[in-house]
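These are the residues of each chain, in order.
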Amino acid sequence: MKVLLIGSGGREHALAWKLAQSPLLTTLYAAPGNPGIAECATLVALDIEDHEAVAAFCADNGVSFVVVGPEAPLVAGLADVLRAKGIDVFGPSAAAAQLEGSKGFTKDLCAKYDIPTGAYQRFTDAAAAKAYVNEQGAPIVIKADGLAAGKGVTVAMTLDEALAAIDDCFDGAFGAAGAEVVVEAFLDGEEASFFCLCDGVNALPLASAQDHKRVGDGDTGPNTGGMGAYSPAPVMTPDMVERTMREIIEPTIRGMAADGHAFQGVLFAGLMITAKGPELIEYNVRFGDPECQVLMMRLDSDLLPILHASAVGRLDKVTAEWRDAPALTVVMASKGYPGAYEKNTPILSLPADDATTKVFHAGTALKDGHLVATGGRVLNVTAVAPSVAEAQKAAYAAVDAVTWDNGFCRRDIGWRAVAREQA
Ligand code: AMP
Ligand code: GLY
């Protein structure tokens, strides 16, 4: 099978690395890709916003299956255009991608199908939103409705913070994404990410992970796209997984199908495990980044037939086998991230990959044959080991073998799980 992978981040490097190991693969193309992905795929200079150009590339090169990594092309309808031309696609239609593209859409689905989530209201003007917040009190959560690159959410511990966040949204801090605001009850508990493949009807649970969203050690500082992750999340016990499937994922799949936009692809549920059980914080319609990196390190099965089964409605015919060993990834970012950072700083050396450690590339590029950092999140140093503590040790040993003056990372990725192991 000839496959085209869309995307250029660490998530896509992990997907490419795993897809490239498939005996069913003949050629793997990636657009636009990055230097890490180039080690396992043929890079194609396609404008992925030009959906017709992507379809034409597939037709010209005999590509029968497209795997879409990031959410933006899905929300923009890339999967619809490709499917209309008879190409199989891993990833939802634009209508189904609203699960990530509109927080209000997801909250309404939860209300309609009785899926546990925080109480909420949607607003299109600041005065009404503020009146509601004043009535509810703090802590409370303010969310820009649309895609805001993970930055549209304010968990306000005080009323003043909440009111300021409402002004920010309506004053355009998140562009069009903030034209509507969702105000949501604060959920108290431990967060976990849960991943499940869907083919419109069937579900195949994958695995859980825990991200580290804050930039600084001890979960301090501003939110980022994720500074590190590990899998599995200990809080996702077999009982919690079973409840998440029954109370959250299965009603979502049934509801989406009943409402006329069946969901195909990966459902990434951001969960809060509260005293009552699992509650949905949000859905994403693609793999997490960097969660995908740890999932791929733990996946024993061939990834290609599983993703393809999701695309063609055959998920009931496949299984996914996982290593019991946990995996952990440390994100190395450009100094200054998530604020402004310098671009094109040299990465002079990387540790060699081995059977249990692997460096995935995110924001890297080759300039005159030399590796440079071009993005905020740049490298994902990943290890798998018998315990989270050992995976953490191995990942940081590999981090210390990276020669990149302008890079930094958190030093405590996995702290919750390590503390649990040592308790
Ligand atoms: P989101 O972009 O919706 O995942 O939100 C970003 C982060 O804000 C989440 O990972 C949580 O840490 C936090 N958050 C979002 N919604 C809530 C909520 N209702 N209660 C508590 N924390 C929340
Ligand atoms: N790491 C969080 C995300 O991919 O949304």
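As the structure is a computational prediction, the values presented were derived from the model and not from experiment. (Residues numbered from 1 in each chain as written. Chains lettered and ligands numbered in written order. Predicted model: local features only at pLDDT ≥ 70, side-chain atom pairs only at ≥ 80, totals over all residues. Heavy atoms only, no water.)

Student: Would you mind going over helix H6 (residues 103-113) in detail, with residue names and values included?
Tutor: Turning to H6, its buried residues are Lys 103, Gly 104, Phe 105, Thr 106, Lys 107, Leu 109 and Cys 110. Immediately beyond the C-terminal end of H6, within one or two residues, lies Asp 114, with a positive phi of roughly 60 degrees. (Buried < 20%, exposed > 50% of the residue type's maximum accessible area, 1.4 Å probe, protein only. Helix = DSSP H or I, 4+ residues; strand = E, 2+ residues; numbered from the N terminus.)

Student: Before we move on, can you summarise helix H9 (residues 238-258) with the specific residues and values?
Tutor: The α-helix winds at 3.6 residues per turn, so residues separated by three or four positions along the chain end up facing the same way. Counted at 1.5 Å a residue, the expected span for H9 with its 21 residues is 30 Å, and the 28 Å between its end C-alpha atoms agrees. Along H9, the helix axis deviates most sharply at Met 245, where the bend reaches about 40 degrees. When we look at burial in H9, the residues that qualify are Met 240, Thr 244, Met 245, Ile 248, Ile 249, Pro 251, Thr 252, Ile 253, Gly 255 and Met 256. Buried residues along H9 sit against helix H5 (98-101), H6, strand S10 (190-199), strand S11 (203-211), strand S15 (264-274) and strand S16 (277-284). Where H9 terminates, the next one or two residues include Gly 260, which has phi positive at roughly 90 degrees. (Expected span 1.5 Å × (residues − 1). Bend = angle between axes of the 7 residues up to and from the residue. Contact = heavy atoms within 4.5 Å.)

Student: Before we move on, could you go through the site of ligand 2 and cite the residues and values that matter?
Tutor: Surrounding ligand 2, one finds Asp 211, Gly 225, Phe 268, Asn 284, Arg 286, Gly 288, Asp 289, Pro 290 and Glu 291. Between ligand 2 and Asp 289, the relevant distance is 2.9 Å, taken from a nitrogen atom to a main-chain nitrogen or oxygen of the residue. Residue Glu 291 places a side-chain N or O atom 2.8 Å away from a nitrogen atom belonging to ligand 2. Here ligand 2 loses 88% of its free accessible area of 200 Å² to cover by the protein chains. Considering only residue class, the shell around ligand 2 consists of 2 nonpolar, 3 polar and 4 charged. (Near = heavy atom within 4 Å. Polar contact = N/O pair within 3.5 Å; in protein donor to acceptor, adjacent residues only side chain to side chain. Areas by Shrake-Rupley, 256 points an atom, 1.4 Å probe, with all protein chains shown as cover. Nonpolar A, V, L, I, M, F, W, Y, C, P; charged D, E, K, R; others polar.)

Student: Pulling in residues and values, what's your account of the sheet that holds strand S3 (residues 42-43)?
Tutor: The strand order across the open sheet built from 5 strands is S3-S2-S1-S4-S5, with neighbouring strands paired in parallel fashion. Among the strands making up the open sheet, the edge pair consists of S3 and strand S5 (88-90). Packed onto the sheet, helix H11 (residues 303-312) meets strand S1 (2-7), strand S4 (65-68) and S5 and runs at close to 110 degrees relative to S5. (Pairing = 2+ DSSP bridges. Axes fitted to C-alpha atoms, helices over the stretch in contact; angles between N-to-C directions.)

Student: Could you give me a rundown of the site of ligand 1, with the residues and numbers involved?
Tutor: Near ligand 1 you find 14 residues, and of these Glu 184, Leu 187, Glu 191, Lys 213 and Glu 282 are the closest. Within the backbone of Leu 187, an N or O atom sits 2.8 Å from a nitrogen atom of ligand 1. Side-chain polar atom of Glu 191 to an oxygen atom of ligand 1: 2.4 Å apart, as the coordinates give it. When the free accessible area of ligand 1 is taken as 460 Å², the share hidden by the protein chains comes to 91%. Elements supplying a minimum of two residues to the shell around ligand 1: strand S7 (140-144), strand S8 (153-156), strand S9 (181-185) and S16. Residue classes in the shell around ligand 1 are distributed as 8 nonpolar, no polar and 6 charged.

Student: Before we move on, can you summarise the environment of Val 181 with the specific residues and values?
Tutor: In this fold, Val 181 is placed in strand S9. Relative accessible area serves as the criterion here: at 0%, Val 181 is assigned to the buried category. For the pair Val 181 and Ala 144, spaced 37 residues apart in sequence, the C-alpha separation works out to 4.8 Å. Those residues in contact with Val 181 that sit more than four places away from it in its chain are Gln 121, Arg 122, Phe 123, Ile 142, Lys 143, Cys 169 and Phe 170.

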